[in-house]
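Reading the structure
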Amino acid sequence: MNDSIRYKLTLAYDGTDFAGWQKQEPPDPDASPDPVTGERPRIKLRTVQEVVEQAVRETVREPVTLTGASRTDAGVHARGQVASFMTTPDPARGVGWPLDRGTDALVQALNSRLPDDVLCLMAEPVALEFDPISGARSKEYTYTIQSGHTRPLFDRRTVYHCYHELDVARMQEAARHLVGEHDFAAMAQASHGRKTTVRTIFACDVEDEGERSFPGETARIVRIRVSGSGFLYNMVRIIAGTLVEVGRGKMEPDAIPGVLESGDRVNAGPTLAPEGLRLEWIRYDTDDSDLHT
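**Notes on unusual backbone geometry**
- Of note in this structure, Arg61 is not a glycine but carries a positive phi near 60°.
- Mapped onto the fold, Arg61 is located in the loop between α1 (48-60) and β2 (67-68).

**Describing the packing of aromatic side chains**
- All chains considered together, the criterion is met by five aromatic pairs.
- Plain terms: the ring middles of Tyr141 and Phe231 are 5.4 Å apart, the flat faces sit at 90° to each other, and that makes the pair edge-to-face. Of this pair, Tyr141 sits in strand β5 (residues 136-147) while Phe231 is found in the loop between β9 (217-228) and α4 (235-247), placing the two residues 90 residues apart along the sequence.
- Overall, the relative accessible area of 15% leaves Phe231 in the buried class.
- In this structure, Arg46 is placed above the aromatic ring of Phe18, and the distance from its NZ or CZ to the ring centre is 4.0 Å.
- The residue whose ring lies beneath Arg101 is Trp97, and the NZ or CZ to ring-centre distance is 3.9 Å.

**Examining α4**
- A rise of 1.5 Å per residue sets the reference length of α4, with its 13 residues, at 18 Å; its end C-alpha atoms lie 18 Å apart and thus fit the reference within 8%.
- Across the 13 residues of α4, 13 count as buried, placing the element largely inside the fold.
- Where α4 terminates, the next one or two residues include Gly249, which has phi positive at roughly 85°.

**A short note on the nonpolar core**
- Grouped together as the largest cluster of nonpolar side chains are 72 residues, with contacts concentrated most on Leu9, Val52, Phe85, Leu178, Met187 and Leu243.
- For this core, the element with the most residues is α4, which contributes eight residues.
- Those residues within four positions of Leu9 in sequence are excluded, and the remaining contacts are Val52, Val56, Leu66, Gln81, Val82, Ala83, Phe85, Leu110, Cys120, Met122 and Ala123.

**A few points about a nonpolar patch on the surface**
- On the surface, Leu119, Leu121 and Met122 cluster together into a nonpolar patch covering about 250 Å² of accessible area.
- Summarising the element assignment, Leu119 is placed in strand β4 (residues 118-126).
- Judged by relative accessible area, Leu119 falls into the partly exposed class, the value being 43%.

**Overview of the packing of α1 against helix α2 (residues 103-111)**
- Where α1 contacts α2, the two axes come as close as 9 Å, and the packing angle between them is 120°. It follows that α1 is oblique to α2 by the angle criterion. As α1 packs across α2, the resulting crossing turns out to be right-handed. Here Ala55, Val56 and Thr59 of α1 come into contact with α2, specifically with Leu106, Ala109 and Leu110.

**Digging into the pairing of β9**
- Strand direction decides the pairing type here: β5 and β9, joined by nine bridges, are antiparallel. Residue Gln146 lies in a different strand from β9, and its bridge partner there is Ile221.
- Pairing of strand β8 (residues 198-214) with β9, which is carried by eleven bridges, proceeds in the antiparallel orientation. Note on β9: the bridge partner recorded for Asp205 is Arg225.
- Counted between consecutive antiparallel strands, the loop separating β8 from β9 contains two residues, among which Gly216 sits at a positive phi close to 75°.

So, how was this worked out
- Residues numbered from 1 in each chain as written.
- Predicted model: local features only at pLDDT ≥ 70, side-chain atom pairs only at ≥ 80, totals over all residues.
- Heavy atoms only, no water.
- Helix = DSSP H or I, 4+ residues; strand = E, 2+ residues; numbered from the N terminus.
- Phe/Tyr/Trp six-rings, centres within 6.5 Å; stacked < 30°, edge-to-face > 60°.
- Buried < 20%, exposed > 50% of the residue type's maximum accessible area, 1.4 Å probe, protein only.
- Lys NZ or Arg CZ within 6 Å of the ring centre and 35° of its normal.
- Expected span 1.5 Å × (residues − 1).
- Core = buried A, V, L, I, M, F, W, Y, C linked by side-chain atoms within 4.5 Å.
- Contact = heavy atoms within 4.5 Å.
- Patch = residues over 30% accessible without salt bridge, like charges linked within 9 Å, V, L, I, M, F, W, Y side chains within 5 Å.
- Areas by Shrake-Rupley, 256 points an atom, 1.4 Å probe, with all protein chains shown as cover.
- Salt bridge = Lys/Arg side-chain N within 4 Å of Asp/Glu carboxyl O.
- Axes fitted to C-alpha atoms, helices over the stretch in contact; angles between N-to-C directions.
- Parallel < 35°, antiparallel > 145°, perpendicular 65-115°, else oblique.
- Left-handed = near helix turned anticlockwise from the far one by under 90°.
- Pairing = 2+ DSSP bridges.

The values are spatial; any link to function lies outside them.
Shown next as structure tokens:
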């Protein structure tokens, strides 16, 4: 009999001070190589996976491996990241997290050990075979832009500043061309590392959220919202950069099909900065309802 339990966590975080989701220990470029092996000492970067995994270990008092659904980049935020871990409760040794202790208590215990820029929103027991990566069926990201001369201050960590005024209607027209199954090679970083660049976009919308007033100045908030079966490395940030080029009048909305057909990264817009990007939700076949909408 297998007494192990797998828990699914829903996490939110401000990615500003993280080197991304995935644990990383690259060679220290400032350290001298070992005279025998020639290898440099490695440095442990601050990542979301690392700090959450440590909090889980301290909570359940046993070694665990935390697996996350989306490997968000440095500076990228989330309010619907999904991760999971396995625990094997043993009351005699005081380890693990048995079901009768409850998921609300698990969330509270984790949050008491997490830093201020990470929050566990929900915990739930799932099937032992649950895989947050391969089991994901759709994801949604948003990219938020402040358009105007006034740069963001209080939300500067979560909003990208575009100095130029943006034509949202043109951006929305261009966004419609992205919906459906396409080869997105032109909108992925060259080192994406995937066998195929074909992806399906379920929806892509550009929302005008109105103006914010400042002394002697106004700025407009524009939010790009895109959901799909999966995304390539930097794909959403390149989609955002391409739509901004359309909004500035540097590219025509009907140029998008040609960009996709070309498969050439140079034909798409720039890769926008990470601070405007946020992972909103991830859905699975086992989800009972659209809780993330």
